[in-house]
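# Observations on the three-dimensional arrangement
Here is what each chain is made of, one letter per residue.
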Amino acid sequence: MSLDADIERSSRVATGAFLFLADLVRKIKIPVLVDFIRAESYGSGTVSNGAPRISFDLKIDIQGKHVILVEDIVDTGNTLSCLITHLKSKGASSISVCTLLDKPARRKVNFELVGKGKYYCGFECPDYFVVGYGFDLAELYRNLPYVGVLKPELYK
């Protein structure tokens, strides 16, 4: 089954990946509801602190709905696991994940999708710190029109 077909039966899309989401929803030809949720675990550094927290929550009710969580990158899995747990507690009937980048080399937490949720991945990313196209370092570089590897001397 394709992402388009899943979106057609889904009621909500939540994201922390606004540029990827903007490009994604422009390609969808059916009505879709979008809401935003934000979980933070990096602060101003380049390494997750391992304790993500919800800093901005959904405004719409997802009770009994199919949710597609749009992510920029899945790294350790801590933030994604936190988001899935949070959305499940709000009563989502299924939770799928659509991520632009997946960094499996850094995975520390295995996350479980909810119901008949699926995992959509654009690209696998090597273990480098990337910026651009929404990815940031302390809120900088998000506006770059590409994804690039940040030189370590710029953040160490």
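Model, not experiment: these values are computed from the prediction. (Residues numbered from 1 in each chain as written. Predicted model: local features only at pLDDT ≥ 70, side-chain atom pairs only at ≥ 80, totals over all residues. Heavy atoms only, no water.)

## Considerations on the packing of aromatic side chains
Scanning the entire structure with this criterion turns up two aromatic pairs. Consider the rings of phenylalanine 111 and tyrosine 119, whose centres lie 5.6 Å apart with planes at 40 degrees: the pair is tilted. According to the relative accessible area criterion, phenylalanine 111 is buried, its value standing at 19%. The exposure class assigned to tyrosine 119 is partly exposed, which follows from its relative accessible area of 30%. A centroid spacing of 5.7 Å and a plane angle of 50 degrees characterise the contact between phenylalanine 129 and tyrosine 155, whose relative ring orientation is tilted. Of the two residues, phenylalanine 129 is situated in the loop between β7 (119-124) and β8 (130-131) and tyrosine 155 in the segment after β9 (148-149); the sequence distance between them amounts to 26 residues. (Phe/Tyr/Trp six-rings, centres within 6.5 Å; stacked < 30°, edge-to-face > 60°. Buried < 20%, exposed > 50% of the residue type's maximum accessible area, 1.4 Å probe, protein only. Helix = DSSP H or I, 4+ residues; strand = E, 2+ residues; numbered from the N terminus.)

## Quick look at unusual backbone geometry
Negative phi is the rule for most residues except glycine; trans is the rule for most peptide bonds. Its identity as a non-glycine residue notwithstanding, tyrosine 133 has a phi of 50 degrees, on the positive side. Along the chain, tyrosine 133 falls in the loop between β8 and β9. With a phi close to 50 degrees, alanine 138 is a non-glycine residue in the positive phi region. Within the secondary structure, alanine 138 is located in the loop between β8 and β9.

Nothing here speaks to function; it is all geometry.
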